[in-house]
Amino acid sequence: MSLTKSWYTFDEAASKFGVSTKQLQIWVDNGVVRTEDGKSKITMLNGNDIELELHLVPSV
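An account of the accompanying structure is given in this report. Quick caveat: nothing in here was measured; it's all calculated off a predicted structure. (Residues numbered from 1 in each chain as written. Predicted model: local features only at pLDDT ≥ 70, side-chain atom pairs only at ≥ 80, totals over all residues. Heavy atoms only, no water.)

## Points about the environment of T43
Rules: Put simply, DSSP marks the helices as runs of H or I at least four residues long and the strands as runs of E at least two long, and each gets a number from the N terminus on. Residue exposure (1.4 Å probe, protein chains only): buried if accessible area is under 20% of the type maximum, exposed if over 50%, otherwise partly exposed. The contact definition used throughout considers only heavy atoms, calling two residues in contact when any of these lie within 4.5 Å.
Structurally, T43 can be placed in strand β3 (residues 42-46). On the basis of relative accessible area, T43 is assigned to the partly exposed category, the value being 30%. With 35 residues separating them along the chain, T43 and Y8 place their C-alpha atoms 8.2 Å apart. If we skip the residues at most four places from it in the chain, T43 touches Y8, T9, E36, D37 and G38.

Written out as structure tokens, the structure reads:
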């Protein structure tokens, strides 16, 4: 069991990982970031998936 937080709201994830909520939504839409859904909307994003995407995106 992980002792660190691994699920974040859009705003928490954007702040923690330094990416825009728009980019997070693109990753969610593409199916590369897992989500937990609330009543008809996404409430939480998986931080491990976000970290993986950040390592796959080439630096400019």
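## Re the environment of W27
Note on placement: W27 falls in helix α2 (residues 21-29). Given a relative accessible area of 6%, W27 falls into the buried group. Separated by 23 residues in sequence, W27 and I50 have C-alpha atoms that sit 8.3 Å apart.

## Considering helix α1 (residues 10-17)
How we decide: Directions are taken from the helix axis to each C-beta atom, and the arc is the one they span.
Inspection of α1 places F10, A13, A14 and F17 among the buried residues, and these make up the whole buried set. All buried residues of α1 lie within an arc of 100 degrees about the axis, which places them on one face of the element. Along α1, the residues that are exposed and aim more than 90 degrees away from the buried face are D11, S15 and K16. Against the buried residues of α1 lie β1 (7-8), α2, β3 and α3 (47-56). A positive phi of about 70 degrees marks G18, the residue just after α1.

## Notes on the pattern of salt bridges
Applicable threshold: In the sections that follow, a salt bridge refers to a side-chain nitrogen of Lys or Arg positioned within 4 Å of a carboxyl oxygen of Asp or Glu.
What the rule picks out here adds up to two salt bridges. Residue K5 is joined to E12 by a salt bridge in which the shortest nitrogen-to-oxygen separation is 3.1 Å. Its relative accessible area of 46% is what places K5 among the partly exposed residues. Residue class for E12 comes out partly exposed when judged on its relative accessible area of 34%. Between D49 and R34 there is a salt bridge; the shortest N-O distance is 2.8 Å. Linking D49 in helix α3 with R34 in the loop between α2 and β2 (35-37), this pair joins segments that are 15 residues apart in sequence. Since its relative accessible area comes to 9%, D49 is described here as buried. Since its relative accessible area comes to 48%, R34 is described here as partly exposed.

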